[in-house]
Amino acid sequence: FHSPACQRLYGWLVDYPAEIVPLMDILLGRELETLRDTLKLQQEERLADAEAQGDEQEMESAAGVLELLPDVLPRVQVRPFHLRSLSHMRELDPNSIDTLLSIRGMVVRTSPVIPDLKVAFFQCSICGQTEQVTIDRGRIAEPTQCPTCHVRHGYSLIHNRCYFSDKQMVRVQETPDEVPAGETPASIVIFAYDDLVDAVRPGDRVEVTGVFRAQARRVNPKITKVKSIYKTYVDAIHFRKVIAHGSSASETRTASNATKDDGDKTGEKEGRGMRVDEVTHGSRFPPERVAELEELSKKPDVYDRLVKALAPSIWELDDVKKGVLCMLFGGNSRKVKKGTEARRKNRERARQEMLDADVENSDTDMEEEDDDDDGETKLNKRGDINILLVGDPGTSKSQLLGYVHKLSPRGVYTSGKGSSAVGLTASVVRDPETRELVMESGALVLSDLGICCIDEFDKMSGTTRAILHEAMEQQTVSIAKAGIIATLNARTSILASANPVESRYNPSLSVVENIQLPPTLLSRFDLIYLILDAPNVDNDRMLGQHLVGLYYETPNVVEPPLDHGLLRDYIAYARENIHPELSDLASRELISAYIEMRRGGSHGNGGRGRTISATPRQLESLIRLSESLARMRFSRVVTRTDVREAVRLMKVATQAAATDPRTGRIDMDMITTGRSTLERELEENLGASLKELLIERRGNRMSVSEIRRTMEELLNTQIQQEDLTEVLRMFEADGLVQYSERSQTVFVRAGVVG
C-alpha cells in the first residue's frame, strides 16, 4: 500500500470513483475470463492426453471440470471500503461531490424496493421501429427522429420491455455520541442498489462507503426548470456493520482533512473507539478470537470475572450486576407447536399412506400443507429478560443504564419524561421526497434484538407506558395509523430505572405504592431490584474512598479482569452460537424450586395458603435466568447449579420487592395486583361488617366519621379513611347507599338486605 503506484491508484479511486470503479469491474471481468480460458485449455489438453493413454478415470475428471466451466461468467463488482479517512456528515461540502467517502451512523429508515430504470425501450408509433437507450448519469436521451419513417417525436416508451434494477433509499442518522451539544442529529440519504438492497435494517450502526452526489431539484415534476439549490445523497458501494465502544466514534479514524501522520496516530486508538471489523458478509469472529473466547469460558471463575468486568467504576451492587449480565446474555427464544402429538401422528400416517399408494405430487402437497399448519400453530416464547431498578437517588442507576447502552450492539437510551408513545413505537410522517406517508421506527423497534434502556421510568405518562404492555410480553408493536396497519418486531430487553414517589424509598409501603406503576406492567419484569441508600459507617467509608479515587490525576480504579472489547465479543458470541437446553436434573430442580416458592406463602398463615408467593411468570423467568447463566459458561446444557443461582437471584431481587411490609411475608399479589392478600382480607371483613351495620340503620342518614368509629370498635382495629371510602363507593355503585362526598354523610336506602 505504501508504494507510489498504490498511493496513486488510491488517490484516483477517491477523486474519480465514477470512472475508476467501472474500469476495475471491467478489468476484473477480463481477468476472470482469462483464467477461465486458461483453465479450459489446460483441461482440454488433459482430456486429450487421457484419451491417448486410455485412462478413463482421468477422462471423466477432465470432462467434469469442463462441464463446470460456465460459458457466461456472472457479473463481478468491485466494492472498496475501509478508506484511510472517515468523513463526518456535518463536514460534507461542495468539494466532496463526486468523490469516494466513508461515513458512519445509525440506520433510522429504509424504503421498499424501488425499480430503477437502466435501459429504456422506445418504439416508433408510426412504423414500429425500436431502439434501446442506456441511462447515462441519471438521464435518458430520448430519440427525436425515426430513421425509417423520418417522423419527429414519434417514439413512445414501452415499460414492460425496459430493464430495471433494484434500488432502495436508506436514511442514516448521526449516532447519539457524535451529536454536538445543543444540536439535533444530522442525517443523510443513502441509495443502495442490487445486492446491497435490504443489506441493513433500522437500528443497525453502519459504515457506508459510496460516492457523494448532488442532483438538481425541480420546481415542479412537470416543468424542466430546476432550483439553484441541489439535494445531496450518497450512492452506496459497500455497507459494513460496526459496534460502538465506550468512547465516541470520532476517535477511531481521522477527519476528512487530516494528514497521514495524524491517521497513523489515530490508528492506535481504534481499539477504544468503534470496531471496524464487523463486515456485513462473512465470518464475524476470526478463529484466533474464537479460541480466546473458548479458553475464557473454560475458566472456573468466569462468572465472577464477567461480574467484575461489568461497570467496574460502580462500587459493589454485585447482585444487580449479575442480573444485568443475565439480561445481556439472554435466554432462548423458541417456538412451541400448539398441535397435539396425536394430530402430528395422524398427519405422518396420512403422508405414509399416500406415499405407499404412489400418488403423484402427494409429498409436495402434504409438505406445503404441514408448513402452513405449523406456521399458524406456533407460540413464541420470549427469551429476553426485563429488569427494573427501583431505589433512592444517587445509587448509580443511571450510570448502569448508560454502561449497558454502550455495551449493547443495538442499544437505545431514552428518558421517561422525554419519550412519547409514537417515539417508542413508530410514527407516520410524510416523506419530503415523495410526499407519501411513510413509517419511521421508534426506540423499541430500533432496539430489536438489543436492549432498550429507559431512565426515569416512573415519570413516563400513562399513555406511553400502555405501549410497553404488548412489547414486553408479545415482543411486537402493533400500529394502525393513517391507513398503515402493521405489526413490528420489538424483540428487545427493557432495562428501566425508577425513583420512588417521595424521592426516598419508604420501607413501610409496597413497591407499587412507592413508584405508583400499574401492577400489570410491573409483573412483566423478571427482576425488580431495590437499591436502597442505607447508612453504614464501614460501607460509607469504602464508597467514599472509591468515589474520591476516581478524581485522582491517575484514577484509583481496580483494573477489570476483562477489557471492554473482550466482554462485548464474549456476549455477542454466546448469543449467536450458544443455545443451552434444559437437562432432566435441571427440570426437576426448577419444578421443586417453584413448588417451594409457592409453599412459602402458606407458612404462618393458619394453613389457609391464600398468599401467593410465586406465579407461572416467575417460573418462566427462572428458566430464562438459568439459560443465560449456562450461556455465560458456553454450556450447551443447563445444570442444577444454574437453576440454584437463578433461584437465588430471584429471591434477592423480585421476592425482596414483593415482601409485604405489614406481615414480612412474600406476597406476589403486591406486584401482580398491586394489593397484598392481607389488604384484600381486611377489605372483605370491612365490607361484611359494614353491610351488617347498614342493615340495622336502613332508612337513616349517618356521618362517615360515625361509621368509621363504629367499625373500629366492632373490628377492634384501626381503619384507614381511604379504605372506608372505597367500600362506600362500591356500595353506592350497587345501589345500597347514597354517599355524599361533600357533606361526608351516607344515606342508607330502605331496600338493603343481608
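About the thresholds
- Residues numbered from 1 in each chain as written.
- Predicted model: local features only at pLDDT ≥ 70, side-chain atom pairs only at ≥ 80, totals over all residues.
- Heavy atoms only, no water.
- Helix = DSSP H or I, 4+ residues; strand = E, 2+ residues; numbered from the N terminus.
- Buried < 20%, exposed > 50% of the residue type's maximum accessible area, 1.4 Å probe, protein only.
- Contact = heavy atoms within 4.5 Å.
- Areas by Shrake-Rupley, 256 points an atom, 1.4 Å probe, with all protein chains shown as cover.
- Core = buried A, V, L, I, M, F, W, Y, C linked by side-chain atoms within 4.5 Å.
- Phe/Tyr/Trp six-rings, centres within 6.5 Å; stacked < 30°, edge-to-face > 60°.
- Pairing = 2+ DSSP bridges.
- Axes fitted to C-alpha atoms, helices over the stretch in contact; angles between N-to-C directions.
- Parallel < 35°, antiparallel > 145°, perpendicular 65-115°, else oblique.
- Nonpolar A, V, L, I, M, F, W, Y, C, P; charged D, E, K, R; others polar.
- Arc of directions from axis to C-beta.
- Expected span 1.5 Å × (residues − 1).
- pLDDT = per-residue confidence, 0-100.
- 1 Å grid on protein atoms, 1.4 Å probe; cavity = no way out; pocket = protein on both sides within 12 Å on 5 of 7 lines; lining within 4 Å.
- Points joined across faces, edges and corners; volume = space filled by probe spheres on them.
- Left-handed = near helix turned anticlockwise from the far one by under 90°.

A. Region of interest: the overall build of the protein chain. Counting its regular elements, the protein chain contains 25 helices and 24 strands. Counting across all 754 residues of the protein chain, residues that qualify as buried make up 42%. Partitioning the intrachain contacts of the protein chain with sequence separation of at least 6 by distance along the chain shows that 71% fall at a separation of at least 24. As displayed, the protein chain offers around 40900 Å² of accessible surface, 50% of which is attributable to carbon and sulfur atoms.

B. Quick peek at the nonpolar core. Counting 58 residues, the largest nonpolar core has Leu306, Val324, Leu328, Ile387, Leu389 and Leu495 as its most contacted members. Excluding residues that lie within four positions of it along the chain, Leu306 makes contacts with Leu325, Phe329, Leu562, Leu567, Tyr570 and Met632.

C. Focus on the packing of aromatic side chains. Under the defined criterion, the tally for this structure stands at 5 aromatic pairs. On the basis of an interplanar angle of 80° and a centroid distance of 5.2 Å, the ring pair of Phe191 and Tyr233 is categorised as edge-to-face. Of this pair, Phe191 sits in strand S6 (residues 187-193) while Tyr233 sits in strand S8 (residues 226-241); the two residues are 42 residues apart in sequence, bridging distant segments of the chain. Both residues of the pair, Phe191 and Tyr233, count as buried. A ring pair is formed by Phe329 and Tyr570, whose centres lie 6.1 Å apart and whose planes are at 80°; its orientation type is edge-to-face. Here the residue Phe329 occupies a position in helix H7 (residues 318-329), and Tyr570 occupies one in helix H17 (residues 564-577), the gap between them amounting to 241 residues. Among the aromatic side chains, those forming a connected cluster through ring pairs are Phe329, Tyr570, Tyr573 and Phe634.

D. How the structure looks around the environment of Asn539. Looking at the secondary structure, you find Asn539 in helix H16 (residues 537-549). Judged by relative accessible area, which is 39%, Asn539 ranks as partly exposed. Note: C-alpha distance between Asn539 and Glu316 (223 residues apart in sequence) is 9.7 Å.

E. Representation of the sheet that holds strand S24 (residues 745-748) within the structure. Read from one edge of the open sheet, 3 strands run S22-S24-S23, paired in antiparallel fashion. Two strands in the sheet have a free side with no partner beyond their single neighbour: strand S22 (701-703) and strand S23 (737-740). For this sheet, the mean inter-axis angle between neighbouring strands, taken without regard to orientation, is 20°. Where S23 and S24 come together, 4 bridges link them in antiparallel fashion. When the bridges of S24 are listed, Ser740 appears paired with Thr745. In the packing of helix H24 (residues 704-715) onto the sheet, contacts are made with S22, S23 and S24, and the angle to S22 comes to roughly 75°. The strands touched by helix H25 (residues 721-733) within the sheet are S23 and S24, with S23 carrying the most contacts at an inclination of about 130°.

F. Expanded view of the packing of H7 against H17. Where H7 contacts H17, the axes come no closer than 9 Å and their chain directions differ by 50°. In terms of their interaxial angle, H7 and H17 are classed as oblique. Here Met327, Leu328 and Phe329 of H7 come into contact with H17, specifically with Tyr570, Ile571, Ala574 and Arg575. Considered class by class, the residues forming the contact of H7 with H17 number 6 nonpolar, no polar and 1 charged.

G. Molecular detail of the pairing of strand S2 (residues 114-124). In this structure, S2 lies alongside strand S5 (residues 163-173), joined through 5 bridges in antiparallel fashion. Residue pairing in the sheet places Val119 in a bridge with Tyr163 of S5. Note that S2 and strand S3 (residues 130-134) share 5 bridges and pair antiparallel. Along S3, the bridge assignment pairs Phe122 with Glu131. Here S2 folds back onto S3 in antiparallel fashion, the turn holding 5 residues, of which Gly128 has a positive phi close to 85°.

H. Looking closely at the sheet that holds strand S11 (residues 387-391). Strand order in the open sheet made by the 5 strands is S12-S15-S18-S11-S19, with parallel pairing throughout. Strand pairing shows two members of the sheet lacking a second neighbour, strand S12 (411-415) and strand S19 (527-531), which therefore form its edges. When strand polarity is set aside, the average angle formed by the axes of neighbouring strands in this sheet is 15°. As paired strands, S11 and S19 are joined by 5 bridges and run parallel to one another. Each bridged residue has a counterpart across the sheet, and for Leu389 the counterpart in S19 is Tyr529.

I. Structural detail: helix H5 (residues 287-297). Along H5, the residues that are buried comprise Leu293, Leu296 and Ser297. Here the buried residues of H5 occupy an arc of 100° about the axis, which is enough to place them on one side. When the buried face of H5 is taken as reference, the exposed residues oriented beyond 90 degrees from it are Pro287, Glu288 and Glu295. Residues of H5 that are buried sit in contact with helix H6 (302-309) and H17.

J. Seen up close, helix H19 (residues 616-632). The terminal C-alpha atoms of H19, which comprises 17 residues, lie 25 Å apart, in line with the 24 Å expected from a rise of 1.5 Å per residue. For H19, the buried fraction is high: 12 of the 17 residues fall into the buried class. Buried within H19 are the following residues: Gln618, Ser621, Leu622, Arg624, Leu625, Ser626, Glu627, Ser628, Leu629, Ala630, Arg631 and Met632. Looking at the residues trailing H19, positive phi occurs at Phe634, about 55°.

K. Structural context of the confidence of the model for the protein chain. Residues of the protein chain with pLDDT of at least 70 account for 78%, and the chain-wide mean is 75. Per-element averaging of pLDDT across the protein chain places helix H4 (residues 260-267) at the bottom with 38 and S6 at the top with 90. Overall, residues 358-378 carries pLDDT values under 50, and its contacts beyond four positions in sequence, including any with other chains, amount to 21 contacts.

L. Examining the pairing of S6 more closely. Counting buried positions along S6 yields 6 of 7 residues, so the element is predominantly enclosed. One ladder, built from 7 bridges, connects S5 with S6; its direction is antiparallel. Opposite Met169, over in S6, you have Phe191 as the bridge partner. In this sheet, S8 lies alongside S6 in parallel orientation, the contact comprising 2 bridges. The partner of Phe191 across the bridge, within S8, is Asp235.

M. Broad picture of empty space enclosed by the protein. Overall, the coordinates contain 2 cavities of 30 Å³ or more when judged by the stated rule. Considering only enclosed or pocket space, the largest cavity measures out at about 50 Å³ in volume. Taken together, Arg382, Glu473, Ser523, Arg524, Phe525, Asp526, Arg617, Gln618, Glu620, Ser621 and Arg624 make up the full set of residues lining the largest cavity. Tallying contributions element by element places H19 first for the lining of the largest cavity, with 5 residues. When grouped by side-chain class, the residues that make up the lining of the largest cavity number 1 nonpolar, 3 polar and 7 charged. Along the walls of the second largest cavity sit Ser87, His88, Met89, Ile103, Arg104, Glu174 and Glu178, which together make up its complete lining. Looking at the lining of the second largest cavity residue by residue, the class counts come to 2 nonpolar, 2 polar and 3 charged.

N. Inspection of the packing of H7 against helix H20 (residues 640-652) at higher detail. At a minimum axis distance of 10 Å, the contact between H7 and H20 shows a crossing angle of 120°. On the basis of the axis angle, H7 is oblique to H20. Every pair of crossing elements has a handedness; the one defined by H7 and H20 is left-handed. Contact residues: H7 offers Asp319, Lys322 and Cys326, while H20 offers Glu645, Arg648, Leu649 and Val652. Among the residues forming the contact of H7 with H20, the class breakdown is 3 nonpolar, no polar and 4 charged.

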